[in-house]
Amino acid sequence: MRKILIVGATSTIAEQTARRFAANGDALFLTGRNEARLTAIADDLKVRGASTVATQVMDADDLKAHAPMIDAAEAALGGLDTVLIAYGTLPDQDSCTADPAAAVAAWHTNAVSVIALLTDIGNRFERQGHGTIAAISSVAGDRGRASNYVYGSAKAGLNAFLDGLRHRLFKAGVQVVTIRPGMVDTPMTADFDKGPLFASPEKVGADIHKAIEKGTAVCYTPGFWRLIMTVITSLPRAIFHRTGL
Amino acid sequence: MTAPSHPSWGRYPASQPARVQRPGARPSALPASDTPVLAYGNGRSYGDSCLNNDGMLLDMGSLDRFIAFDPATGVIECEAGVLLADILELVVPQGWFLPVTPGTQFVSVGGAIANDVHGKNHHVAGTFGCHVRELELLRSNGQTVVCTPEQNADLFAATVGGLGLTGLLTRATIALKRIEGPYMDVDTLRFANLDEFFDISAASDRDYEYTVAWVDCSARGTNLGRGWFMRANHKPALGQQPDPRKRGGPTFPFVTPVSMINPVTLRPLNTLYFRRKFKARSRDTQHYQPYFYPLDGIKHWNRAYGPNGFLQYQCVVPHADARTAVAELLERIAAAGAGSFLSVLKVFGDVQSPGLMSFPRPGVTLALDFPNRGRETFELLDALDDIVRAAGGAVYPAKDARMSAAAFREYFPNLERFQGFVDPAFSSNFWRRVTSTTTSPS
């Protein structure tokens, strides 16, 4: 039985992943910004078989709230062995282009706050000598593109941080899982026209669950995104600059 | 090219909502809309009762959370978008089953209530609505109304079978049924004609919880109404058994350019199915999945009917004239060379549904698919309506895309009372059609 902290548990992808953990009888500590939604999700996960579900309202942008939240999660579940970082924002690229503050805010949520959280959690897991740390990044971090490079660069920073954390914690027996979803049909992408590349949150949740169970270092979900991103990252600039990606 | 979003299962008629909203969490009030609103569950209604052309659809698929389940009493509370498949997956391993299930598990709880669905156990268990303990409705006047058979009983009765028109159904509490395991004892008997069907049915209803028959809708003359009678009970515990769930079966990959079910294939398919077994009777043990949901094994099987889609016709005729009326219906269908190989006959029981507009009533029900061949299909269905109306029967709105307003009024004598409970903000293609005062050419 795992003892799992999910930060950003009201995200659709996190919820689908949590249902898999619940069906295995795992114990869960959920944080999110909206109390009513946290409660509804917690009730659902209890019915689905989770052995314990506790919740705490927290805005991950508030870095000072991190350590007390992790303490509370450890106290509620009697320790932690798995962490899933599932929150993030998809900022509007145009406002990030126009307004430096918007660009910095996007970085604060998608990179800075995650790095702060995982620094603390990484140290705790290193001391206890086991555990799995998973964070939802994005295929957007593989190459900066005009259409969303502020979001993409924050995820790229996160990717490099996770690579280094994995390298460092290898000796301690702690696994670090980088999850790179492609486009997923969630409220985050509600305004997009859905083409055939969009995956269901159920599929992505199942992939994430499997990656955490296996300790996969880098998980593209759905898997075909690994191929797409290989092509995009190897496009010569002369061609890449002419695309609308 | 984008496919129209949110079609009905029959893929007829074409319809495009002006706006689709997918609530992320259980809403506490209705979203503002200057066009009529309708909840869309999982799109398994065959006709146009789940469509809202130029209106607002609330896609309830995201409201798929359980709220509470007591494994000791089998009472489950969930959001309206939870699928019956989700409930089964959760409760069967804990010794519980749906009190009533239709022929697909891919319907939402909200849809099951709004259409007051029935199953092979209607003669003992009644409709789905008979097992609803409580439901919550959001009304456009800003009220949240909790309804039970006792509390706000009028609105409860209007909502069960109320086609989603009495407000937004957000959550419900259902009383499940105890089982010992996931397996069924199934007894299959061949019958040579309609008389034999009625005899077997009468002899089976007492000892079998589930009864249904497949009929060869292409057979005529002395073979009229021949088919297979399937009767079953839940099997007593077998101990631990593997669970061969079929949820991840193959998908019918595309809409075929013409219907695979057509006058050329109809008779051979039916005859082959009638002759599929050499023995006139067989007994076996089946997992509940293939027993209750044989078609769920192939996702999107509705695509086999080609680009024009299909119409399903399900009617019930009262016991008094049932033999003659069913014979007349079958003869008419066979003479037209129409129909499909998915034709089902069942005797309903007399368990009364709480639903004001519920379709099932004592009598015999016949359900068939018809590939949409345009005018000739619609004329045939109108002719079937004439037979059903003369017999004092009814046609099932959940499967209908074409009955006339006059026929609807005759089939549902509580219509006027029901109209008093319809929320003025809600409507559907079906509702606009059957309440229109102008007669439209059929």
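- In the annotation of an unreviewed UniProt entry, chain B is listed under the name L-gulonolactone oxidase protein and assigned to Salinisphaera shabanensis E1L3A.

- As recorded by an unreviewed UniProt entry, chain A carries the name 1-deoxy-D-xylulose-5-phosphate reductoisomerase protein and is attributed to Salinisphaera shabanensis E1L3A.
- Under the UniProt heading Sequence similarities (unreviewed entry), the entry covering chain A gives this text: "Belongs to the short-chain dehydrogenases/reductases (SDR) family."

1. Observations concerning the overall build of chain B
- When helices and strands are tallied, chain B shows 12 helices and 18 strands.
- A compact globule built from 442 residues should have a C-alpha radius of gyration of about 22 Å, and chain B, at 21 Å, falls within 12% of that.
- Of all 442 residues assigned to chain B, the portion counted as buried reaches 57%.
- Taking the contacts inside chain B whose residues are at least 6 apart along the sequence as the reference set, 76% of them involve residues at least 24 apart.
- Mean positive and mean negative side-chain charge positions of chain B (43 and 42 charges, respectively) differ by 6 Å.

2. A short note on the interface of chain B and chain A
- Taken together, the contact between chain B and chain A spans nine residues of the former and 10 residues of the latter.
- The three residues of chain B that bury the most area against chain A are B:Asp64, B:Arg65 and B:Phe66, which together make up 56% of that side's buried surface.
- Counting every contact that joins chain B to chain A gives two salt bridges.
- When the shortest N-O distance is used, the salt bridge between B:Arg65 and A:Glu15 registers 2.6 Å.
- Across the chain B-chain A interface, the total number found is four residue pairs in polar contact (both at pLDDT 80 or more).
- Counting residues per element, the side of chain B that touches chain A draws most heavily on strand S4 (residues 66-70) of chain B, at four residues.
- When its residues are assigned to classes, the side of chain B that touches chain A shows six nonpolar, one polar and two charged.

3. Regarding the UniProt feature "domain: FAD-binding PCMH-type" (unreviewed entry) in chain B
- Cross-referencing UniProt, the feature "domain: FAD-binding PCMH-type" (unreviewed entry) maps to residues 13-179 of chain B in the present numbering.
- With 15% helix and 26% strand, residues 13-179 of chain B has its two end C-alpha atoms placed 40 Å apart.

4. Thoughts on the side chain of B:Asp205
Residues and elements named next belong to chain B.
- Within the secondary structure, Asp205 is located in the loop between helix H5 (194-204) and strand S12 (210-215).
- Buried and unpaired, Asp205 has no salt bridge, with Lys346 as the nearest side chain of opposite charge at 5.1 Å.
- There is a polar contact of 3.4 Å between the side chain of Asp205 and the side chain of Thr211.
- Apart from residues lying up to four places away in sequence, Asp205 is in contact with His123, Val124, Thr211 and Val347.

5. Remarks on a nonpolar patch on the surface
- Side chains of A:Leu63, A:Trp107 and A:Val112 sit close together on the surface and give an oily, nonpolar patch of about 230 Å² of accessible area.
- Here A:Leu63 shows up in the loop between strand S3 (52-57) and helix H3 (66-77).

6. Digging into the sheet that holds strand S4 (residues 82-85) of chain A
Residues and elements named next belong to chain A.
- Spatially, seven strands are ordered S3-S2-S1-S4-S5-S6-S7 in an open sheet, and the strand pairing comes out parallel. Unpaired on one side and paired on the other, S3 and strand S7 (218-221) mark the two borders of the sheet. Along the sheet, successive strands turn relative to each other by an average axial angle of 15 degrees, direction set aside.
- Of the strand pairs in this sheet, strand S1 (residues 3-7) and S4 are connected by four bridges, and their pairing is parallel. By the bridge assignment for S4, Ile4 is matched with Thr82.

7. Some thoughts on the pattern of salt bridges
- One pass over the full model with this rule turns up 35 salt bridges over all chains.
- For the salt bridge of B:Glu331 with B:Arg220, the shortest nitrogen-to-oxygen distance reads 2.8 Å. Here B:Glu331 is found in helix H8 (residues 322-336), whereas its partner B:Arg220 is found in the loop between S12 and strand S13 (227-234), with 111 residues between them in sequence.
- When its relative accessible area of 41% is taken as the criterion, B:Arg220 is described as partly exposed.
- A single network of salt bridges, built from pairs that share partners, joins A:Glu15, A:Arg19, A:Asp44, A:Arg48, B:Arg26, B:Asp64, B:Arg65 and B:Glu79.

8. Here we look at the sheet that holds strand S2 (residues 37-40) of chain B
Residue and element names in this part refer to chain B.
- Spatial ordering of the open sheet is given by S1-S3-S2, a layout of three strands whose pairing is parallel. Edge positions in the open sheet fall to strand S1 (19-21) and S2, since each of these has one partner strand only. Neighbouring strand axes in the sheet, compared pairwise and without regard to direction, differ in orientation by 25 degrees on average.
- As judged from the three bridges shared by S1 and strand S3 (residues 56-59), these two strands associate in the parallel manner. Bridging from a neighbouring strand, Arg19 pairs with Met56 of S3.

9. A look at the pairing of strand S5 (residues 131-136) of chain A
Residues and elements named next belong to chain A.
- Counted residue by residue, S5 has six buried out of six residues, so it is predominantly covered.
- Of the two faces of S5, both are covered, the one formed by Gly131, Ile133 and Ala135 as well as the one formed by Thr132, Ala134 and Ile136.
- Of the pairings in the sheet, the one linking S4 to S5 comprises four bridges and is parallel in character. Following the sheet pairing, Leu84 is matched in S5 by Ala134.
- Where S5 and strand S6 (residues 174-181) come together, six bridges link them in parallel fashion. Of the residues in S6, the one forming a bridge with Ile136 is Ile179.
- Following the chain from S5 across helix H6 (residues 149-169) to the adjacent parallel S6, one finds a crossover that is right-handed.

What counts and what doesn't
- Residues numbered from 1 in each chain as written.
- Chains lettered and ligands numbered in written order.
- Predicted model: local features only at pLDDT ≥ 70, side-chain atom pairs only at ≥ 80, totals over all residues.
- Heavy atoms only, no water.
- UniProt positions renumbered as here; feature names shortened; annotations may be inferred.
- Helix = DSSP H or I, 4+ residues; strand = E, 2+ residues; numbered from the N terminus.
- Rg over C-alpha atoms; globule rule 2.2 N^0.38 Å.
- Buried < 20%, exposed > 50% of the residue type's maximum accessible area, 1.4 Å probe, protein only.
- Contact = heavy atoms within 4.5 Å.
- Lys, Arg positive; Asp, Glu negative; His and termini not counted.
- Charge placed at Lys NZ, Arg CZ, Asp CG, Glu CD.
- Buried area = accessible area lost by both parts, 1.4 Å probe.
- Salt bridge = Lys/Arg side-chain N within 4 Å of Asp/Glu carboxyl O.
- Polar contact = N/O pair within 3.5 Å; in protein donor to acceptor, adjacent residues only side chain to side chain.
- Nonpolar A, V, L, I, M, F, W, Y, C, P; charged D, E, K, R; others polar.
- Patch = residues over 30% accessible without salt bridge, like charges linked within 9 Å, V, L, I, M, F, W, Y side chains within 5 Å.
- Areas by Shrake-Rupley, 256 points an atom, 1.4 Å probe, with all protein chains shown as cover.
- Pairing = 2+ DSSP bridges.
- Axes fitted to C-alpha atoms, helices over the stretch in contact; angles between N-to-C directions.
- Right-handed = clockwise from strand over helix to strand, strands pointing away.

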